[in-house]
Amino acid sequence: MDEELVREWRAAEREPGVVLLDGFHALKHALRFGGDVRKVVTVDRGALTALAAELAEDVVPAVDGLAVEAPEAVVRTLVPRLHPTGVVALAVRPAAGANLAVLGARPRRAPVVVLENPRNLGNVGAVIRLAAGFGATGVVTTGDLDPWHPNVLRGSAGLHFATAVERLTLPQLPAGPLFVLDPEGADIRDVPFPDDALLAFGTERHGVSQELKARADQLVAVPMQAGVSSFNLATSVAMGLFHWMSGKR
Ligand SMILES: C[S@@+](CC[C@H](N)C(=O)[O-])C[C@H]1O[C@@H](n2cnc3c(N)ncnc32)[C@H](O)[C@@H]1O
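Residues numbered from 1 in each chain as written. Predicted model: local features only at pLDDT ≥ 70, side-chain atom pairs only at ≥ 80, totals over all residues. Heavy atoms only, no water.

Quick notes on the site of the ligand
Residues in contact with the ligand amount to 18 residues; listed here are only the nearest, Leu-181, Gly-202, Arg-205, Val-222 and Phe-231. One of the backbone N or O atoms of Arg-205 is found 3.0 Å from a nitrogen atom in the ligand. Out of a free accessible area of 560 Å², the ligand has 86% covered by protein chains. Comparing atom positions with the cavity grids shows the ligand to sit within the largest pocket. When residues of the shell around the ligand are traced back to their parent elements, those giving at least two are β8 (178-187) and β10 (218-221). The element that contributes the greatest number of residues to the shell around the ligand is β8, accounting for three residues. Here the shell around the ligand is composed, by residue class, of nine nonpolar, six polar and three charged. (Near = heavy atom within 4 Å. Polar contact = N/O pair within 3.5 Å; in protein donor to acceptor, adjacent residues only side chain to side chain. Areas by Shrake-Rupley, 256 points an atom, 1.4 Å probe, with all protein chains shown as cover. 1 Å grid on protein atoms, 1.4 Å probe; cavity = no way out; pocket = protein on both sides within 12 Å on 5 of 7 lines; lining within 4 Å. Sits in = over half its atoms within 2 Å of the grid points. Helix = DSSP H or I, 4+ residues; strand = E, 2+ residues; numbered from the N terminus. Nonpolar A, V, L, I, M, F, W, Y, C, P; charged D, E, K, R; others polar.)

So, the layout of surface pockets
Reported here for the largest pocket is a volume of approximately 350 Å³. Taken together, 22 residues line the largest pocket, and the ones lying closest to its centre are Leu-181, Pro-183, Ser-230, Phe-231 and Ser-236. Of all the secondary structure elements, the ones that give two or more residues to the lining of the largest pocket are β8, β10 and α10 (233-246). A total of three residues in the lining of the largest pocket trace back to one element, the largest contributor, which is β8. Each residue belonging to the lining of the largest pocket can be placed in one class, and the counts come to ten nonpolar, eight polar and four charged. Its volume calculated, the second largest pocket comes out at about 170 Å³. Met-1, Glu-4, Leu-5, Glu-8, Arg-38, Lys-39, Val-40, Val-41, Leu-66 and Val-68 together form the lining of the second largest pocket. (Points joined across faces, edges and corners; volume = space filled by probe spheres on them.)

Quick look at the pattern of salt bridges
Using the criterion set out here, one finds 14 salt bridges in the structure. Here Glu-8 and Lys-39 are joined by a salt bridge, their closest N and O atoms 3.8 Å apart. Here Glu-8 is found in helix α1 (residues 2-13), whereas its partner Lys-39 is found in strand β2 (residues 36-42), with 31 residues between them in sequence. Given a relative accessible area of 39%, Glu-8 falls into the partly exposed group. Residues Asp-187 and Arg-189 are paired through a salt bridge, measuring 2.7 Å at the closest nitrogen-oxygen approach. Taken together, the shared-partner salt bridges connect Glu-15, Asp-36 and Arg-38 into one network. (Salt bridge = Lys/Arg side-chain N within 4 Å of Asp/Glu carboxyl O. Buried < 20%, exposed > 50% of the residue type's maximum accessible area, 1.4 Å probe, protein only.)

Okay, structure coming up:
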């Protein structure tokens, strides 16, 4: 029985577009935002249902319908590190075509966040969570980091399913006025962000590339005290999105 569960899990894992949901919160958000959840395995079905009932009543029927219980030793073989909530799940990420349609649709009612070649998985997860919270159209990354990596999904608490997350190249960016956030830019307080803006941010260590700067309609800075060289990437995104939201009622 347990061998069959492991075999089925491994087979599901190999299907195209399948991503790991590590822990209850990632599962909750995937279900709530219409993710195609294929497998849910827990060390304690009763505890999982109780957690869902306490924190997210809307997902209780789906959790009840999908969850399979297995001994903790078996569940631990499915993932590199078992989440404290003792639940792991597999879901299918939205097709690239669907995300591109969302990102490219005009008129756009909320900005697209662009992360140029981000290096830190936790930062990218935090940015996706911010984008979902602010109702951004989506998050585009460039470079080789996979924005659907399990650790990014963990950092976003599964909120990838609440916004459009894609990896593209700079020439593939959706159309729209491009505001590049850079400490050398114009004071952000003087620059309103339109709803169809692309808000772009540089890589953690080296900042914005010359190629991205050359594409910018405007470079914009959040003022800092003398001697401070930069803010953290995710906090910069938070300030950029808050600035956009502050201009709306
Ligand atoms: C950790 S910073 C990069 C640091 C890099 N050494 C530099 O000088 O830009 C990552 C990104 O956050 C954004 N950022 C950080 N501080 C900012 C500020 N004061 N104003 C605007 N953007 C900022 C920029 O997009 C930057 O490329």
